[in-house]
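# Coordinate analysis (summary)
So the chains spell out like this:
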Amino acid sequence: MVPGIKYRRVKICVRIALFVWTASPWTTTAAIAQTIVVDAAPSHVANTFSPVRSLGAAIDRLKTGTPDHLLTDPVLKEILGAGWQTVTYRQNTELMVEAWHWSPRGTWSDPEKQQGYFVGSAEPTAEMIRHSWAAPLPHRGFSRGDGNGWSRLTDGDPKSYWKSNPYLTKAFTGEDDSLHPQWVIIDLGSKIPVNAIRIAWAEPYAKHYSVQFWTGELEPFYDGTTKGTWQTFPLGAMAAGKGGTVTLKLVSWMIPVRYLRIWMTESSNTCDTHGSADKRNCVGYAINELYVGALSADGQFNDYVTHFPSRNQTVTWPSSVDPWHAASDMDESRGDQVGFDFFFTSGVTRGLPTMVPIAMLYSTPEDAANEIAYLYKRHYPISWIEMGEEADGQHMLPEDYGALYLQFASAIHRLVPEAKLGGPPFEGTFDDVEVWPDAAGKVSWLGRFVDYLKTRGRLNDFTFFSFEHYPYQDKPTYSWADLYPEPGYVSHIVQVWKDNGLPPNIPFFMTEGNIGGGAGPSSVKSALWLADYVGSMMTAGAGATYFFHYMPYPGHFGGFLMLDENYNLKGYPPQYLATQLITKEWVQPVDAPHKLFKVSSDVTDAAGTLLVTAYAVERPDGQWSVMLVNRDQYNEHAVKVVFNDPETRRDRHFSGQVDRTTFGSAEYLWHPEGERGHADPDGPPSNSKVIGGAETLYKLPMASITVLRGSVGNH
């Protein structure tokens, strides 16, 4: 379990009942009857949603050469056959610290040299945008992150340099630069006694800056964010920096440190190597190389930093990166952000309104605005526009994200006033996203972002909140017991967002999620997790949930479909079959309101662990549908289902014929045989009929998802 998440033990309330039934294998002849209670009071609806618009999947950048196969039949037909409806287009280039050319047509700020800041054309032509590519940024400061890029701060090249984002300076924010400090962090790998730093400043350099060290034992992000402070070295405050290469003695003795930070608040506003013709070249901060170590009494400097043009270098993180790049930086081998025209005309969107992203962390407001204008001129159905990608995972402070957000929002709304904007989206997290405290001691990323918009009278530009959900993203494997916390994870994190100031009148979306980095085919546990995640996220009030790893990978059996290297179908993994159960059996696959009600269960083990979860909807066809997830790996359970109205104190039950559909370990069995591994059986879900009633016991096979659907009687 993740620290900080509190779980309420469910009281065991077991009713003993004997029930004789001989007509159906799906009820039981004698069992301990446990109870599933639906809070069916009409005024207690937990969420109302349309499956067509709320149960969807996410599409990210694809391996170069694969979109033409995956987004055309027969593979596309198989993908759509799972039943996910609306889609959200993910934007992977931001995670790679790349400039995304969503359109190959556009203009450079320095057209003669084909470099600078690229702005895609907003005008559609007869030519389809079938593919789109990105350029790794030459002024990157990250040693880590997706892809294989490295930092220019410790690459050993005195001519390369990191540079901060010009759009975070007064020239663009209209706010004093001290309100948007820029910074770089150095990780020495372990605590080492140091007393000096050498900074090879590029242009523009910092006139006012401080060199600091981290007092916490954990890293200054994630778990360690609030478990330490940044303390300025005794001699680390610089009020009149002159640029050039400077060696600074930070303390007259040695201090053991691992993490150092250069905190910059005033720029020289001198121009970088790209010249003075563009003011973006002349604002912010730039550093050629960093050195940290010990300065001896005779002035000899011993450097502890590893300088190398790869990820073997000493690790650094920056506050932001300048999106300047050149045509020569484009790299088509790193993946295809599917071209918008191909994406919208391929059929993968089903013609439904789609959530699309803009690049914001490493782009320009004009480019983002032209992208949205282009899509609207093409008359593609757009639902929402996500602003940037995982700013928290790239350690951007909320005020910096807010400053970019407002500039990009203004540019987009000048061209498309009706565009609905939101974000951030947070990367998958169990708990609050916290950052170093501000002057008031506030650490909530979301709270501070909302405050930033409020104080500037721009909260109306924030029309939805989005986040991702990967409970076991960093685990190479996950155990069966990892299934049990999922509903608690969901309810907890949603409450955290609300407590941190999420405006109650805006919807929230889980725009990308899975149990981890994809789910293997070896057992049905990923399928059970999927049912729990969808049910619990919608119960928590989500406007929509989007399944990730929707696109299969040929030759890789951990995807949504099993395809060989020639894109031939080899089988249906558990999450595909579970999706069909959710989208075609639990809900009615129509664009009409479904009312979702909370459900309680008393099916627990001796330790109080909830073994059976349930999710109930009243469908537009008048039927009630209850999805039950038996997470007990070894035992079946027999349950009664009660529809309780606490306002009238009346219990109701399924009556007449009840449709029962089950997918679980009996319908799917993996046979590990190396490259010949396969499932037999591999579905489909089993179907049967049951006669409902007040005393009916519904048998839930071990490790299974069961949907019960039928009419509810008046008594």
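Residues numbered from 1 in each chain as written. Predicted model: local features only at pLDDT ≥ 70, side-chain atom pairs only at ≥ 80, totals over all residues. Heavy atoms only, no water.

A few words on empty space enclosed by the protein. All chains considered together, the criterion is met by 3 cavities of 30 Å³ or more. Here the largest cavity is characterised by a volume of approximately 80 Å³. For the largest cavity, the full set of lining residues is Ala99, Trp100, His101, Tyr117, Phe118, Pro323, His325, Tyr362, Ser363, Thr364 and Asp367. Among the elements of the structure, strand 6 (98-101) and strand 8 (115-120) are those that each provide at least two residues to the lining of the largest cavity. Of the residues forming the lining of the largest cavity, the biggest block, 3 residues, is contributed by strand 6. (1 Å grid on protein atoms, 1.4 Å probe; cavity = no way out; pocket = protein on both sides within 12 Å on 5 of 7 lines; lining within 4 Å. Points joined across faces, edges and corners; volume = space filled by probe spheres on them. Helix = DSSP H or I, 4+ residues; strand = E, 2+ residues; numbered from the N terminus.)

On to unusual backbone geometry, then. Going from glutamate 203 to proline 204, the amide bond is cis rather than trans, its omega being -5°. Residue position: proline 204 is located in the loop between strand 12 (196-201) and strand 13 (206-214). Looking along the chain, the bond that leaves aspartate 680 and enters proline 681 is cis, with omega of 5°. Locating proline 681 in the fold gives a position in strand 37 (residues 678-682). Of note in this structure, tyrosine 222 is not a glycine but carries a positive phi near 55°. Within the fold, tyrosine 222 resides in the loop between strand 13 and strand 14 (230-238). Residue class for tyrosine 222 comes out partly exposed when judged on its relative accessible area of 45%. Unusually for a residue other than glycine, arginine 649 sits at a positive phi of about 55°. (Buried < 20%, exposed > 50% of the residue type's maximum accessible area, 1.4 Å probe, protein only.)

This structure, assessed with the given rule, holds 28 salt bridges. Of the charged contacts in the structure, one is a salt bridge between arginine 130 and aspartate 68, with a shortest N-O distance of 2.9 Å. One end of the pair, arginine 130, is in the loop between strand 8 and strand 9 (133-136); the other, aspartate 68, is in helix 2 (residues 67-70), with 62 residues separating them in the sequence. A relative accessible area of 32% places aspartate 68 in the partly exposed class. The closest approach of N and O atoms between aspartate 322 and lysine 163, which form a salt bridge, is 3.1 Å. Linking aspartate 322 in the loop between strand 19 (315-318) and strand 20 (325-326) with lysine 163 in strand 10 (residues 162-163), this pair joins segments that are 159 residues apart in sequence. Classification of lysine 163 by relative accessible area gives buried; the value is 0%. It is possible to trace a salt-bridge network through shared partners that takes in Arg90, Glu386, Glu389, Glu468 and Glu512. (Salt bridge = Lys/Arg side-chain N within 4 Å of Asp/Glu carboxyl O.)

With that settled, consider the confidence of the model for the protein chain. Regions with low pLDDT carry predicted coordinates that are not meant to be interpreted in detail. For the protein chain, per-residue confidence averages 92 on the pLDDT scale, and 95% of positions sit at 70 or higher. Long-range and interchain partners of residues 1-31, a stretch whose pLDDT sits below 50, account for 65 contacts in this model, where long-range means more than four residues apart. (pLDDT = per-residue confidence, 0-100. Contact = heavy atoms within 4.5 Å.)

This paragraph deals with helix 9 (residues 486-499). Between its first and last C-alpha atoms helix 9 spans 20 Å; for 14 residues at 1.5 Å apiece the expected length is 20 Å, and the two agree. Along helix 9, 10 of the 14 residues are buried, which leaves the element largely enclosed by surrounding structure. Within helix 9 the residues assigned to the buried category are Glu486, Pro487, Gly488, Tyr489, Val490, His492, Ile493, Val494, Val496 and Trp497. At the exit of helix 9 stands glycine 501, carrying a positive phi of roughly 110°. (Expected span 1.5 Å × (residues − 1).)

Let us now look at the side chain of threonine 173. Inspection of the secondary structure puts threonine 173 in helix 4 (residues 170-173). In this structure threonine 173 touches Tyr167, Leu168, His180, Ala403 and Gln407, once residues within four positions along its chain are discounted.

The subject of this paragraph is the pairing of strand 33 (residues 637-645). The buried fraction of strand 33 is high, at 8 of 9 residues. Where strand 33 lies against strand 39 (residues 698-700), 3 bridges are found, and the strand directions are antiparallel. For alanine 638, the partnering residue across the bridge sits in strand 39 and is lysine 699. Judged from the 3 bridges that link them, strand 33 and strand 34 (residues 650-652) form a sheet pairing that is antiparallel. Bridge pairing in strand 34 links phenylalanine 643 to arginine 652. (Pairing = 2+ DSSP bridges.)

Bringing the sheet that holds strand 13 into the picture now. Ordered in space as 14-13-16-11-19, the 5 strands form an open sheet in which the pairing is antiparallel. Bordering the open sheet on either side are strand 14 and strand 19, each of which pairs with just one other strand. Strand-to-strand, the axes of this sheet are offset by a mean angle of 25°, without reference to chain direction. Relative to strand 16 (residues 255-267), strand 13 runs antiparallel, the two being bridged by 7 bridges. In the sheet register, alanine 206 faces strand 16, and the bridge partner there is serine 267. (Axes fitted to C-alpha atoms, helices over the stretch in contact; angles between N-to-C directions.)

There is about 460 Å³ of room inside the second largest pocket. As for the second largest pocket, its lining consists of 20 residues, and the residues nearest its centre are Leu179, Glu399, Asp438, Ala439 and Arg448. Listed by contribution, the elements that provide at least two residues to the lining of the second largest pocket are strand 16, helix 7 (398-415) and helix 8 (445-455). The biggest single contributor to the lining of the second largest pocket is helix 8, with 4 residues. A class-by-class count of the residues in the lining of the second largest pocket yields 8 nonpolar, 3 polar and 9 charged. (Nonpolar A, V, L, I, M, F, W, Y, C, P; charged D, E, K, R; others polar.)

Met387, Tyr550 and Trp586 are the most contacted members of the largest nonpolar core, which has 166 residues in total. Counting residues in hydrophobic clusters, the runner-up holds 22 residues, among them Val38, Trp624, Val639 and Val690. (Core = buried A, V, L, I, M, F, W, Y, C linked by side-chain atoms within 4.5 Å.)

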